[in-house]
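One-letter residues, chain by chain:
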Amino acid sequence: MRSVATITLLAAFIAGLGASTLGQSKQSYTSYRLPQAFRPEHYDLRVYTHLGDDRGFLFHGHVVIRMLCDSDAMNITLHSKNLTLLEDKIVLRELAIDDQSKTSRNVDIKSVEYLTDNDYAVFHTSTPMKKSYRYELTIPFEAPLGTGLLGYYRSSYMDKASKQKIWLSVTQFEPTSARQAFPCFDEPEMKATFDIALAHHERYVALSNMPMNRSEKLADMPGWVLDVFGRTVPMSTYLVAYSVNDFEYREAMTKEPGDVLFKIWARRDAIDQVDYARAIGPRVTRFYEEYFDQKFPLPKIDMIAVPDFASGAMENWGLITYRETALLYHPNVSTASSKHRVASVIAHELAHQWFGNLVTMRWWTDLWLNEGFATYVASLGVEHLHPEWNSLEEESVSNSLDILKFDALLSSHPVSVEIGHPNQISQIFDAISYEKGSTLIRMMHLFLGEETFRNGVSRYLEKHAYGNAEQDDLWAALTEEAHANGVLPDEINVKKVMDSWTLQTGYPVITVTRNYDDNSATATQVRFVSSELPADRNVTDYCWWIPLTYASANRADFNDTAPKAWMDCEGIQGRKGNAKTVEDLPDREHWVVFNVQMAALYKVKYDLANYRLIVAQLNGPKYDAIAVLNRAQLIDDAMDLAWTGQQQYGIAFAMMNYLRQEDEYIPWKSALTNLNAINRILRRTPIYAVFRSYVQYIVEPIYERLDIFNATLVPNDRLDTVKKLALIASWACRFDVGDCVDRSVQLFGQWMKVTDPETSNPVPLNLRPVVYCNAIRNGNEVQWNFLWQRYLRSNVGSEKIMIIGALSCTREAWLVERFLDWSLNGTSGVRKQDTTILFASVSRSEVGFHLAKNFFLERVIDIFDYLSPDTSRLSRYIKPLAEQMSSVKELEEVRDLIQRNATVFEKATQGVKQALETIEINKQWKQINYDQMIRFLPMSTARSASDDILNLIDNSP
């Protein structure tokens with residue numbers, strides 16, 4: 001569900017649509033939004049699930065919808081997709097208004113109309129339905145129980161004891177798939193309560209949002225039971241969930257007064273992997289109850305690990321569904337990064353129980369409020385769970401670095417984005433909604449302060465509990481607190497500031513030009529973009545309210561993130577790149593660094609004299625006088641400014657030379673992320689050997705210092721320490737630094753010789769991805785087949801994903817071809833949910849790129865058919881290819897493929913646009929920067945490199 005998409009308004013929202021639907025015909029449905037004549041109040045849903053019995057795989061049942069009529073109407077319009085409605089058994093009743101003893105009356109349904117473009121079922125009546133009356137519509141339905149990972153679908157696993165395939169069923173309704181399970185008003189604003197009953201064979205258990213009230217035997221279906229669940233709180237249809245399975249569960253290990261009942265469900269062969277989830281689930285829930293000042297409103301939370309699941313997890317209220325890799329953790333098999341992912345995803349989904357479930361966006365335009373807020377608050381939750389990990393900084397920087405690349409594309413989109421066709425909704429579950437949303441919430445948290453932020457959020461949740469809200473409602477609550485606390489001056493409100501970040505695409509770059517005569521600086525802003533702008537667009541047509549923070553050599557307080565000044569957008573006509581004068585800066589001997597702790601989403605470009613001061617500080621013995629997050633920021637900004645041709649690469653290379661003495665993970669992640677983008681383009685050019693020498697030069701000292709293959713890690717080690725070891729090992733092996741490759745091959749060889757490789761593995765746990773990959777890269781079919789057997793026999797989801805990545809490292813072309821074929825073969829052992837991971841891994845490998853590209857070009861129809869119905873995931877095929885393309889020929893190949901298969905890419909339009917733009921950017925990069933690589937890379941490995949490079953830039957025309 002996190003595929004990338006462009007958002008274009010396919011159909012205008014019709015003002016007042018549904019104010020009256022009298023006589024409404026097929027031709028009058030000009031919007032993809034439901035008419036407003038009816039509002040649901042309650043659903044009574046009963047579902048019978050057949051899991052491969054004598055009736056095959058199907059579900060059937062009925063739904064009874066009680067609704068209030070808000071305007072006179074001649075029809076009722078619901079969502080229904082891929083369902084067979086038993087029209088002769090549909091019943092509509094008009095209910096009494098006040099006199100409860102008055103008998104209700106039947107209303108004749110003269111016809112049922114299906115509008116497939118809108119996913120509508122329209123029930124036309126013979127007589128008008130009246131405003132303020134309540135109606136009750138009973139609809140029997142049935143449908144196949146498919147394997148498409150959307151709606152109500154089936155999954156399976158192989159039971160080790162019986163060697164049998166075991167089936168289960170589960171739902172995935174967000175954003176618009178509840179309509180594939182039962183007829184409903186499938187829009188987030190149309191909240192209602194639900195009574196759910198699930199019928200199934202007695203060998204299974206049933207789960208739903210609420211606890212089970214009772215289980216009854218079905219007299220007319222021997223061996224079957226009907227499980228009846230409690231009534232839900234008012235909620236949106238996309239949060240309804242149910243499952244029929246034979247799983248086992250473990251309850252939470254710790255209980256405190258007021259705790260909800262926590263159960264973690266998994267297939268019985270994986271039940272030993274739930275202990276970590278059941279330990280942290282209640283703890284992070286208590287943290288949120290205190291943080292939001294709102295108790296969790298349901299009596300229980302079930303969390304279930306589903307073998308086949310398209311997204312990472314889904315926050316269904318009271319029944320949270322997860323991919324196995326996002327919920328299960330095995331201490332002897334899973335890496336520290338896998339443990340962090342489990343903690344982060346659990347914290348994310350539990351944050352949704354308040355932000356998304358209790359208060360829900362009015363429409364998908366504000367999806368970012370759900371996802372961005374949950375992503376940010378999850379990082380606070382993980383920090384609460386594991387302060388020893390030091391993960392908050394790393395996660396904040398990771399989100400910022402990711403989005404600074406993504407949002408520099410012209411094909412990006414605003415955080416708050418209009419939605420037309422339902423196809424578009426799944427495409428905005430992307431980095432903008434998650435990472436940019438999170439980064440903006442963090443920025444707001446930092447400029448408002450802890451007290452104002454928490455109190456404002458609590459105020460918002462209390463006011464809108466069990467209802468719907470828009471971003472303006474959150475801004476109002478936070479402004480009220482900010483003005484009461486004096487955090488913001490009266491003339492500034494949160495809406496004014498945040499609308500500039502959420503309603504515009506992109507982010508700014510601030511140019512800071514110091515005046516060394518009066519110790520001031522002038523700051524100007526324009527939009528930062530990676531591409532050349534078309535003639536009708538200008539980077540100065542944008543303006544952001546920017547909280548300015550800075551530190552200097554003589555006042556190096558990198559903990560103060562309160563704004564020292566604001567760049568505002570008041571009174572600007574025409575050109576919006578207004579200038580701000582910043583005074584009271586240090587003299588010409590001292591550097592200044594803006595955007596303390598990367599507190600806001602902007603890049604900074606300095607004058608050359610200030611760059612010289614920064615480079616001198618970094619390359620001296622006290623490089624850590626500049627805070628670690630800002631060291632990462634300085635590298636990222638300099639590299640991105642050079643990437644787009646806004647300044648020379650020499651500045652970035654002069655700055656990065658200091659990495660030979662850097663020991664912190666975050667600056668290394670920033671540097672190597674940027675160098676990897678260059679690597680992808682240069683590795684098919686004549687100067688790649690020079691680039692390899694440069695990487696070896698900067699990586700070799702830290703590789704030697706860390707003594708990676710002899711390092712001993714303890715459970716309480718900082719997470720960034722573990723990630724640093726894995727990152728440096730990966731680059732050292734890839735670029736033949738030291739003994740990295742030899743040690744990897746040796747360790748893998750030792751593993752191949754043990755008697756039982758499933759239980760005895762000499763490879764250090766957190767180095768396994770690196771060791772496996774390099775052993776496969778330098779091995780042959782023997783090593784590949786050995787690791788493939790480990791994949792087939794592995795019982796841990798995160799290990800299987802790691803092995804897929806390692807198997808993709810092979811240099812044997814025929815093994816790569818076979819692996820790609822297996823990705824579309826459901827019987828090979830690779831699950832459908834993992835096909836995109838396999839393809840991306842192959843496409844990024846040394847040999848795999850050309851093979852993956854040809855595979856995609858030749859078999860795009862097969863891929864489309866295999867992914868259906870969630871074909872938005874085609875974006876995950878085209879993007880890793882586009883990252884490595886930089887020629888006119890490659891651009892034309894991709895463009896031609898897309899034009900010839902327009903319907904195939906219909907649900908991946910945003911990913912397509914971003915891929916094409918990425919290739920254009922790479923082509924542009926080679927044109928403007930290739931010569932700079934020839935010029936600066938050889939200089940960068942000299943002892944006096946930084947000074948020599950800056951002198952060269954200083955003397956350039």
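Residues numbered from 1 in each chain as written. Predicted model: local features only at pLDDT ≥ 70, side-chain atom pairs only at ≥ 80, totals over all residues. Heavy atoms only, no water.

Where an unreviewed UniProt entry is consulted, the protein appears under the name Aminopeptidase, with the organism given as Anopheles sinensis. Check the Sequence similarities (unreviewed entry) section of the UniProt entry for the protein; it says "Belongs to the peptidase M1 family." In its Catalytic activity (unreviewed entry) section, the UniProt record describing the protein reads: "Release of an N-terminal amino acid, Xaa-|-Yaa- from a peptide, amide or arylamide. Xaa is preferably Ala, but may be most amino acids including Pro (slow action). When a terminal hydrophobic residue is followed by a prolyl residue, the two may be released as an intact Xaa-Pro dipeptide." (UniProt positions renumbered as here; feature names shortened; annotations may be inferred.)

A few words now on the sheet that holds strand β7 (residues 109-115). On the basis of which strands lie adjacent, the open sheet formed by three strands has the order β3-β8-β7 and antiparallel pairing. Pairing within the sheet leaves two strands with one partner each, and these edge strands are β3 (73-79) and β7. Averaged over all adjacent pairs, the angle separating strand axes in this sheet is 25°, with direction ignored. Alignment of β7 against strand β8 (residues 120-129), held across six bridges, turns out to be antiparallel. When the sheet's bridge partners are listed, Y114 is paired in β8 with A121. (Pairing = 2+ DSSP bridges. Helix = DSSP H or I, 4+ residues; strand = E, 2+ residues; numbered from the N terminus. Axes fitted to C-alpha atoms, helices over the stretch in contact; angles between N-to-C directions.)

Once that is clear, we can look at the nonpolar core. Membership of the largest hydrophobic core comes to 325 residues, with the highest contact counts inside it found for F182, Y242, Y288, L675 and F856. The element best represented in this core is helix α4 (residues 367-385), accounting for eleven residues. Grouped together as the second largest cluster of nonpolar side chains are eight residues, Y48, A197, A199 and L218 included. (Core = buried A, V, L, I, M, F, W, Y, C linked by side-chain atoms within 4.5 Å. Buried < 20%, exposed > 50% of the residue type's maximum accessible area, 1.4 Å probe, protein only.)

Of all six residues in strand β18 (residues 261-266), five are buried, a share of seventy percent or more. In the sheet, strand β17 (residues 248-251) pairs with β18 via four bridges, with the strands oriented antiparallel. Following the sheet pairing, E248 is matched in β18 by A266. Bridge count between β18 and strand β19 (residues 300-306): five bridges; the pairing is parallel. By the bridge assignment, K263 is partnered in β19 with D302.

The subject of this paragraph is the state of the cysteines. Tallying each qualifying case throughout the model produces three disulfides. Covalent S-S linkage joins C543 and C569, the inter-sulfur distance amounting to 2.1 Å. For the disulfide bridge between C543 and C569, the dihedral angle about the S-S bond is near -95°, and by the sign convention the bridge is left-handed. Residue C543 is located in the loop between β25 (520-527) and β26 (546-548), and its partner C569 is located in the loop between β28 (565-567) and β29 (579-582); the two are separated by 26 residues in the primary sequence. Each sulfur of the disulfide joining C773 and C809 lies 2.0 Å from the other. On the S-S bond that ties C773 to C809, the torsion sits near -105°, and the link is left-handed. Taken together, the residues C773 in helix α17 (residues 768-777) and C809 in the loop between α19 (797-807) and α20 (813-822) connect sequence positions 36 residues apart. Cysteine pairing in the protein follows 1-2, 3-4, 5-6, where each cysteine in a disulfide is numbered by its order in the sequence. The structure places no disulfide on C69, whose sulfur is separated from the nearest cysteine sulfur, that of C184, by 19 Å. (Disulfide = S-S within 2.5 Å.)

Per the domain assignment, the segments making up the protein are domain 1 (33-246), domain 2 (250-358), domain 3 (360-503), domain 4 (507-625) and domain 5 (813-941). The C-alpha-based centres of domain 1 and domain 3 are spaced at 33 Å. Counting residues at the interface gives 14 residues for domain 1 and 16 residues for domain 3. Taking both partners together, domain 1 and domain 3 bury about 1,300 Å²; carbon and sulfur atoms supply 59% of that area. The tally of links from domain 1 across to domain 3 stands at one salt bridge. R362 is the salt-bridge partner of E189, the closest N and O atoms lying 2.9 Å from each other. Taken together, the links from domain 1 to domain 3 amount to five residue pairs in polar contact (both at pLDDT 80 or more). Across the side of domain 1 that touches domain 3, the residue classes break down as five nonpolar, two polar and seven charged. (Domains from an automatic or database assignment. Contact = heavy atoms within 4.5 Å. Buried area = accessible area lost by both parts, 1.4 Å probe. Salt bridge = Lys/Arg side-chain N within 4 Å of Asp/Glu carboxyl O. Polar contact = N/O pair within 3.5 Å; in protein donor to acceptor, adjacent residues only side chain to side chain. Nonpolar A, V, L, I, M, F, W, Y, C, P; charged D, E, K, R; others polar.)

Here we take up the sheet that holds strand β31 (residues 603-606). Taken in spatial order, the four strands of this open sheet run β29-β25-β24-β31, and their pairing is mixed. Either end of the sheet is taken by a strand with one partner, and the two such strands are β29 and β31. Each strand axis lies, on average, 25° off the axis of its neighbour in the sheet, ignoring direction. As paired elements, strand β24 (residues 508-515) and β25 share eight bridges and run antiparallel to each other. Note on β25: the bridge partner recorded for T511 is T524.

Judged from the eleven bridges that link them, strand β2 (residues 56-69) and strand β9 (residues 134-144) form a sheet pairing that is antiparallel. Among the inter-strand pairings, V63 is bridged to a residue of β9, identified as I139. Sheet analysis places strand β4 (residues 84-85) next to β9, joined by two bridges and oriented antiparallel. Opposite L85, over in β9, you have F141 as the bridge partner. Where strand β5 (residues 91-95) and β9 come together, five bridges link them in antiparallel fashion. Across the sheet, V91 pairs through a bridge with T138, a residue of β9.

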